[in-house]
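# Coordinate inspection notes
Okay, here's what each chain looks like letter by letter:
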Amino acid sequence: MDTFHYVSYAQEIIFAPGSLAQAGEAAERFGWRKLMLCANRTMQSNGILDSIKSSLGERLIAMFGRVQPHVQDVQVQEALAIAKEKNIDAVIGLGGGSSIGMAKAVGFQLQLPIIAIPTTYAGSEMTPVYGVTHTDENPPRKVTVSDPKIAPKLVIYDAELTLDLSPALTASTGINALAHCIEALYSKTRNPLSTAAAVTGVQHIINALFNCYQDGKSLEARTEMLLGSHLAGLSLASVSMGLHHGLCHVLGGTANVPHGIANSIILPHAIRFNADATAPQLLPVAEAMGVPVKRIDPTVVVEALVQKIFHLISRMNLPQRLRDAGVAESDLPRLAQIAFQNRTVQNNPKPITEPAQIESLLRVAW
Ligand code: NAD
């Protein structure tokens, strides 16, 4: 790491249990008076919507409250129409990566500031990227847009909002956070900040994730996990990702596999695929997971890490095979072709020269 180049994004981050109540005050500080909220239906049923309404008061003038997974292009058009009609001056994404992705799509297209309030561990709140699924293509395809203006100006982390996140979503979006750290550690564009954030992020995630899965109401575990996912998002924000992330986007956009589930199925296979090129960078992850790392060949260590990750995923009862996530075996060659053209896949630290390499990984994961 003798040379590096990265963009650091100007943001205000508020991290404290109960901080949702500060949203109105923070918006006032920025001078935002006409806010639009993007959320999904869960936020209405679990009471989070009422809390943000009371914090924002009259500043909240518009809402798109039924965001679907993977940010559908048709929904982006509907949300944009509301935003234009109400002449908003900032847009809030409240929820998982999909609600935050919707806010980013609206905010970026109207050149407005974005506020992110995450309630899962997906990490989108920290990044200058969003993906939209183009539903008119056959098969549908998720297309990502990347621009520094997409990075939210204000991020509010309130661990109390995660207390009702189900064990399944805790587990799958937690593995997504772990995957950010792993791909940041071996990214071709890794830098001192991304590596420091990823190493510390992994330690918090490994400490807290299973505790959150077992006892979702533990505010202490939830706070540590949210800290891990913040660091994971921070590491993700300043580097290019690789095979794992590109493949998960294809599985989400084209095969409609929920993002966290795609992450849980693919992560150990992607680590194993890359091991001969990336093993030394993964030693801190292996160490955090209790694998002895001294005086052992790094590729052997990484295989032990892969086994630990399989074990963690199985203890949290997540699907481990693509067939269990609704992917047909006959679709694998087509998914491999699409993934081969994916820019993120092409940024993988170990070169991928033909779709057959991806297809054979998918067959093992099927
Ligand atoms: P999601 O946003 O689709 O949400 C999944 C489910 O979680 C929803 O049904 C939602 O109702 C529920 N949920 C969210 N918070 C909850 C809470 N606190 N309590 C109860 N239920 C809750 O899933 P996700 O995994 O958070 O995000 C995935 C999406 O984000 C994908 O589209 C992915 O591509 C994108 N993403 C983008 C980035 C980026 O940097 N741009 C990073 C990670 C993920």
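Look up: the structure comes first, before these words.
Bear in mind that the values here come from a model prediction, so they are computed numbers and not experimental data.

### Some words on the pattern of salt bridges
- The tally for this structure, following the rule as stated, stands at twelve salt bridges.
- A salt bridge links E137 to R141; the shortest N-O distance between them is 3.4 Å.
- Its relative accessible area of 31% is what places E137 among the partly exposed residues.
- Among the salt bridges present, the one from E303 reaches R272, with a minimum N-O distance of 2.8 Å.

### A look at the environment of Y121
- With respect to the helices and strands, the residue Y121 is situated in the loop between β5 (114-118) and β6 (129-134).
- The exposure class of Y121 is buried, given its relative accessible area of 0%.
- Distance from Y121 to I175, taken between C-alpha atoms, is 8.4 Å for residues 54 residues apart in sequence.

### Examining the packing of helix α13 (residues 332-340) against helix α15 (residues 355-365)
- Two elements in contact, α13 and α15, have axes whose closest approach is 8 Å; the angle formed by their N-to-C orientations is 130°. The angle between the axes of α13 and α15 places the two elements in the oblique class. Crossing handedness for the pair α13 and α15: right-handed. Each of L332, P333, L335, A336, Q337, A339 and F340 in α13 lies in contact with α15, whose residues at this interface are P355, I358, E359, L362 and R363.

### A short note on the packing of aromatic side chains
- As enumerated under the stated definition, the model contains four aromatic pairs in all.
- Measuring from centroid to centroid gives 4.2 Å for F30 and W32, while their planes differ by 5°, and the two rings are stacked.
- Residue classification places W32 among the buried positions, given a relative accessible area of 7%.
- Above the plane of the ring of F210 lies R315, whose end atom (NZ or CZ) is 3.8 Å from the centre.
- Looking at K350, its charged tip hangs above the ring of F273, at a distance of 4.5 Å from the centre.

Quick notes on the rules
Residues numbered from 1 in each chain as written. Predicted model: local features only at pLDDT ≥ 70, side-chain atom pairs only at ≥ 80, totals over all residues. Heavy atoms only, no water. Salt bridge = Lys/Arg side-chain N within 4 Å of Asp/Glu carboxyl O. Buried < 20%, exposed > 50% of the residue type's maximum accessible area, 1.4 Å probe, protein only. Helix = DSSP H or I, 4+ residues; strand = E, 2+ residues; numbered from the N terminus. Axes fitted to C-alpha atoms, helices over the stretch in contact; angles between N-to-C directions. Parallel < 35°, antiparallel > 145°, perpendicular 65-115°, else oblique. Left-handed = near helix turned anticlockwise from the far one by under 90°. Contact = heavy atoms within 4.5 Å. Phe/Tyr/Trp six-rings, centres within 6.5 Å; stacked < 30°, edge-to-face > 60°. Lys NZ or Arg CZ within 6 Å of the ring centre and 35° of its normal.

Purely geometric stuff here, so don't read any function into it on its own.
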